Amino acid sequence: MPKYIKIPLLILGIPAAVFAVTFAIYFLNLDMKLLSKIEPFFLRHYDKMPRESYV
Amino acid sequence: MIVKQEDWSRPGDQRLGVLFDGGKVRRRREWRGVKDTLYDYGRWVYIMSILARFIVKPRNIKAMFRYRWMANYLAVPHMVDKFTMGLRDEPLRIVHTAMDFVVYDVAQTMENIFRGDRRTGNDKKFSDKCVLTDENAMTAFMMGFPTLKAILREVPTMFVANLLNQYSTTHYLDVAQAAGIPGDVCPMPEAEAGISIDDDFAVLGACAVQVNTTCDGSLMGNGIIAKRLEREYGIPTFQLVAPMRHREEDVQDYAAQDIRNAIAFIEEHTGEKWDWTAYFECAKRVNDITRNRLAWLEMNSTNYPQFVGAPFSLYNDTNYMGNCGRSPKFPPIDRKIMKYAQHGYEAKRMMAPEYRHRAIIWGVQPQYVIDMLNWMIHCWGIVPLTDMLSMVNTRQIAEEDTPENREQAYYDMAWLNENMIMRNRTHGGYEVLVDELWQFCEQMNADMVIMWEHMSCKALTGMHGQFEEQARERGIHLVWVCHDLCDPRVYTRQAIRDQLNTYMRTVMREEPLDPSIEVLPDEKAW
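None of the values given here were measured: they were computed from a predicted structure. Residue indices begin from 1 for each chain and proceed along its sequence in written order. Chains and ligands are labelled by the order in which they are written, letters from A for the one and numbers from 1 for the other. For this predicted model, a pLDDT threshold of at least 70 governs which residues receive local features, and a threshold of 80 or more governs which side-chain atom pairs are given and counted, while totals over whole chains, interfaces and linings are taken from all residues.

This brings us to the overall build of chain A. Here a helix means four or more residues in a row that DSSP labels H or I, a strand means two or more in a row labelled E, and each is numbered from the N terminus. The number of helices and strands found in chain A is two helices and zero strands. To get the radius of gyration, use the C-alpha atoms; to get the globule rule, take the number of residues to the power 0.38 and multiply by 2.2 Å. The C-alpha atoms of chain A give a radius of gyration of 22 Å, which is well past the 10 Å a tight globule of 55 residues would have. Across its three principal directions, the C-alpha atoms of chain A cover 70 × 20 × 20 Å. In this scheme every C-beta is placed from the backbone, and a residue whose C-beta has 20 or more other C-beta atoms within 10 Å is buried, one with 12 or fewer is exposed, and one in between is partly exposed. Every one of the 55 residues in chain A was classed for burial, and the buried ones make up 9%.

What follows is the structure in structure tokens.
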């Protein structure tokens, strides 16, 4: 592909692809779905931590 | 008075119930039409950038693995979605402007906390310039210390955490109760006490200032926290004691003297000197905040309220109490909100096809379902005009640096401290809690009062009969909504909403505007 076509395509294509991916993550709530799966691992980690608990 | 727009339309999703599937998070984000969906997407990118900038720092990653309450911050975008549900145009922009700035401000607070925290950042030089300030304190006594940081460590640890995740406090409540604290104490100070017992507060600061501004439960929690601060961590703690009958003239000399004592305590432990130039700069901003809040309230007393509900309350909490004129970053946000609100008002923008009832929200809010105020608009057409926590100081304080005003300033700071959010209504006699409510109903043309009945709050329970009797005399619909502030195991979110649903169906004989959200499967949700 000639450079004069490839460069504008890249200039337009990369932001368009980033937008498409991030918009899909946003609209399908994939960010929250992923993070909600991570939360139990953190909670198990906190449960295992030694604490200096006293009143 | 019913306000209805025949040509009202909401682009995108019409039935908001489609967003819920019973999971921890929503099925998908809301379709708001092209323009508003793209706007909301842009704000989501901004919030994600705040979170990304926060979590790339090693000390913050360390904090994520050290402090249990940090896991709640996985839910920040989810929280913003709760507050923006169903909104379009100016109201959507107002909520984002306010709440996104609250997110930014809390992220900054956490940055400062972990920078000074002995377990994570451990920047001792920075920590020595920090003053731990009670979550329930007006930060007025910090207005003349521009080189010091007021660190409200309970705000991200407990208060905001419960906005993010309804179950954020339950572990700490169990810890506190396992240590012998009764279960009928207000769960907010009880959870804070549990955090301290569980050794889950960040540790920093040259000294600390605690206040008596809320209630006896808060004093109990403060006692436990102060003991650990002073005896284990060697952080001296001052008790700033505001008078109960704060409207009485004869208590003001005492209140002003206690402010002088707090300032002297901070000077002694930080080595910094009170700066009057900085104080009066902050005082100008406090007055600006007051004028703006009054302007928004005036707009909300018309047929076309714009800045309402939980974001109105939470933004005011942050700006009035946590900031108290100290940050120059708030006034531009105020101006931006004002611009949107004026546009929305001129365009007669409504958030629902009809406003059937104009409600004042009174009492102490259920923190884990505070977005219910937005739900009320969409489900029942009830507009929350204002809430008890936003009905605070209306006076202008002295803002010119003169010898007389320097003396007056102590009284102004004391006045602000006495008029901390909530306590200015829950303390000070029945006039401030009961009588003035009816005045606000008249001023704001409200026909309904949603009365939060926090079952562990003794300050309000004693007035139950007076509210009932006087609302009946005035023909105001008084809807009691019982809850347990930040413990969803006692009253679930739906149990709270059902109290309003039942009232609307049985007493008002009305049908919901959007039946798909009358019952929401959000018991397991963040």
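Still to come is the rest of the account.
The next thing to look at is the overall build of chain B. Across its full length, chain B carries 20 helices and ten strands. Taken over the C-alpha trace, chain B has a radius of gyration of 22 Å; the compact-globule value for 526 residues is 24 Å, and the two agree within 12%. With respect to the principal axes defined by its C-alpha atoms, chain B has extents near 65 × 50 × 45 Å. Relative to its full complement of 526 residues, chain B shows a buried share of 56%. A pair of residues counts as a contact when their C-beta atoms, built from backbone coordinates, are within 7 Å of each other. Sequence separation of 24 or more characterises 79% of the internal contacts of chain B that already satisfy a separation of 6 or more.

Residues and elements named next belong to chain B. The pairing criterion is simple: DSSP has to find at least two bridges between the two strands. Spatially, β3-β2-β4-β5 is the arrangement adopted by the four strands of the open sheet, whose pairing is parallel. At either margin of the open sheet sits one strand with a lone partner, and together these are β3 (149-151) and β5 (237-240). Within the sheet, the average angular offset between the axes of one strand and its neighbour, ignoring direction, is 25°. As defined by bridge partners, strand β2 (residues 130-133) adjoins β3 across three bridges and the pair is classed as parallel. Following the sheet pairing, Leu132 is matched in β3 by Ile151. For helices, the fitted line uses only the C-alpha atoms of the stretch in contact; every axis is such a line through C-alpha atoms, and the angle between N-to-C directions lies from 0 to 180 degrees. Here helix α10 (residues 252-270) sits on the sheet in contact with β2, β4 (207-211) and β5, set at roughly 160° to β4.

With that out of the way, let us pick up the pairing of strand β9 (residues 448-454) of chain B. Residues and elements named next belong to chain B. Counted residue by residue, β9 has six buried out of seven residues, so it is predominantly covered. As judged from the four bridges shared by strand β7 (residues 357-362) and β9, these two strands associate in the parallel manner. Following the sheet pairing, Ala359 is matched in β9 by Met448. Note: β9 against strand β10 (residues 477-483), seven bridges, orientation parallel. Note on β10: the bridge partner recorded for Met448 is His477.

What follows concerns the interface of chain B and chain A. At the interface, 21 residues of chain B touch 22 residues of chain A. Sorting the residues of the side of chain B that touches chain A by element identifies α1 (33-55) and α3 (76-84) of chain B as the ones contributing at least two each. Ranked by residue count, the leading element in the side of chain B that touches chain A is α1 of chain B, at three residues. Looking at the side of chain B that touches chain A residue by residue, the class counts come to 13 nonpolar, one polar and seven charged. Amino acids outside the nonpolar list (Ala, Val, Leu, Ile, Met, Phe, Trp, Tyr, Cys, Pro) and the charged list (Asp, Glu, Lys, Arg) are all regarded as polar, and Gly is one of them.

With that settled, consider the sheet that holds β10 of chain B. The pairing of strands in a sheet happens through backbone hydrogen bonds and is either parallel or antiparallel. Residues and elements named next belong to chain B. Ordered by their spatial adjacency, four strands build an open sheet running β8-β7-β9-β10, and the pairing between neighbours is parallel. The sheet is open, and its two edges are formed by β8 (382-387) and β10, each paired on a single side. The sheet shows a mean angle of 30° between the axes of neighbouring strands, direction not considered. Here five bridges tie β7 to β8, and the two strands are oriented parallel to one another. From the neighbouring strand, Ile361 faces β8, where its bridge partner is Asp387. The sheet contacts of helix α17 (residues 430-443) involve β7 and β9, and relative to β7 the element is tilted by about 155°.

The subject of this paragraph is the packing of helix α7 (residues 170-178) of chain B against helix α8 (residues 187-197) of chain B. All names here are of chain B. Here α7 crosses α8 at 80°, and the two axes come no closer than 7 Å. Classified by the angle their axes make, α7 and α8 are roughly perpendicular. Only Pro187, Glu190, Ala191, Ala193, Gly194, Ile195 and Ile197 of α8 make contact with α7, whose side of the interface consists of Tyr172, Leu173, Val175 and Ala176. When the residues that make up the contact of α7 with α8 are grouped by side-chain class, the tally is nine nonpolar, one polar and one charged. Oblique is the label for every angle not falling under 35 degrees (roughly parallel), over 145 degrees (roughly antiparallel), or within 65 to 115 degrees (roughly perpendicular).

Once that is clear, we can look at the nonpolar core. Residues and elements named next belong to chain B. Ranked by internal contacts, the top residues of the largest apolar core, which has 172 residues, are Val131, Ala359 and Val449. With 13 residues, helix α4 (residues 89-116) is the largest single contributor of residues to this core. Once residues within four sequence positions are removed from consideration, Ala359 is found in contact with Ile382, Val383, Pro384, Leu385, Ala446, Met448, Val449 and Ile450. Structurally, a nonpolar core is described as a collection of buried Ala, Val, Leu, Ile, Met, Phe, Trp, Tyr and Cys residues joined by way of C-beta atoms within 7 Å.

Let's shift gears to the pairing of β8 of chain B. With six of six residues buried, β8 of chain B lies mostly within the body of the structure. Handedness of the crossover joining β7 of chain B and β8 of chain B through helix α14 (residues 372-380) of chain B is recorded here as right-handed. With the strands aimed away from the viewer, a crossover counts as right-handed if its path from the first strand over the helix to the second runs clockwise.

Right, let's get into unusual backbone geometry. All names here are of chain B. The residue Asn122 is not glycine, and still its phi comes out positive at about 50°. Inspection of the secondary structure assignment puts Asn122 in the loop between α4 and α5 (124-127). Positive phi outside glycine occurs at Lys348, with the angle close to 55°. You can see Lys348 is positioned in the loop between α13 (330-346) and β6 (354-355).

The predictor rates its confidence in each residue with pLDDT, a number between 0 and 100. With 100% of its residues at a pLDDT of at least 70, chain B reaches an overall mean of 96. The complex model carries a pTM of 0.96, and its ipTM stands at 0.94.

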